[in-house]
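Notes for the structure review
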Amino acid sequence: MLLFTLLLIGLNLSAQTITIEITNIRSSKGQLLLGVYTNQPDYRNKIAIMKKTVYKVNMKEGTVTTTITGLKPGTYGIALLDDEDYDREMAFRFFLPAEGFAFSDYYHTAYSRPVFDDFKFELGKEDKKIVMKVRYL
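Quick look at the structure, then. The model shown is predicted, which means the values in this text are computed figures rather than measured ones. (Residues numbered from 1 in each chain as written. Predicted model: local features only at pLDDT ≥ 70, side-chain atom pairs only at ≥ 80, totals over all residues. Heavy atoms only, no water.)

1. Thoughts on the nonpolar core
Keep this limit in mind: Here, nonpolar core means buried Ala, Val, Leu, Ile, Met, Phe, Trp, Tyr and Cys residues that are tied together by side-chain atoms lying within 4.5 Å of each other. Relative accessible area decides the class of each residue, using a 1.4 Å probe on protein chains only: under 20% of the type maximum gives buried, over 50% gives exposed, and in between gives partly exposed. Here a helix means four or more residues in a row that DSSP labels H or I, a strand means two or more in a row labelled E, and each is numbered from the N terminus. Residue contacts are counted whenever heavy atoms from the two residues lie within 4.5 Å of one another.
Counting residues in each nonpolar core, the largest one holds 21 residues, and the members touching the most others are Ile18, Ile20, Ile22, Leu34, Ile78, Leu80 and Met132. Within the residue set of this core, elements represented by two or more residues are β1 (16-23), β2 (31-37), β4 (64-71), β5 (74-83), β9 (120-123) and β10 (128-133). The contact partners of leucine 34, leaving out residues within four places of it in the chain, are Ile20, Ile22, Met50, Lys51, Lys52, Val54, Thr66, Ile78, Ala79, Leu80 and Met132.

Encoded structure:
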């Protein structure tokens, strides 16, 4: 039993916490959908290794803070959708996104979709803070 407990403690020590500050949220309607990716092919095909839904109930002045735990050191990228209509998909108007989007420590200004290398980051042995500024077109 002692060995099992020490093993669990060791597993928890190798996983870091990412604190995510999501800014520039325009409305309290809907939910924020986060996807964590580890490479370009999975990002392109929308195969996230972890997904998280963040509700806007604690939003203050257009900002919500959340955390992701359980990730081991490595390369990650986080993409966000401000799903204002609760359908879990990006809404479009005239071929342009009608809902907000954001990426880990990267404010995307182009009209095409970014590549994973634009918003990837390294998670080391220490906790990390990420800022995601939501963009609306």
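Right, picking up where we left off after that structure.
2. Details of the layout of surface pockets
This is how it is decided: Cavities and pockets are found on a 1 Å grid laid over the protein atoms alone: a cavity is a set of points where a 1.4 Å probe fits but cannot escape, a pocket is an open set with protein on both sides within 12 Å along at least five of seven lines, and a lining residue has an atom within 4 Å of such a point. Grid points are joined across faces, edges and corners, and a volume is the space filled by probe spheres set on the points. In this count, Pro and Cys sit with the nonpolar residues alongside Ala, Val, Leu, Ile, Met, Phe, Trp and Tyr, while Asp, Glu, Lys and Arg are called charged and the others, Gly among them, polar.
The computed volume of the largest pocket comes to approximately 800 Å³. Together, 27 residues line the largest pocket, and Lys46, Leu80, Leu81, Met90 and Arg113 are the ones closest to its centre. Mapped by element, the contributors of at least two residues to the lining of the largest pocket are β2, β3 (50-55), β5 and β8 (100-103). Broken down by element, the lining of the largest pocket gets its largest block of residues, four residues, from β2. Residues of the lining of the largest pocket, tallied by class, amount to 17 nonpolar, four polar and six charged.

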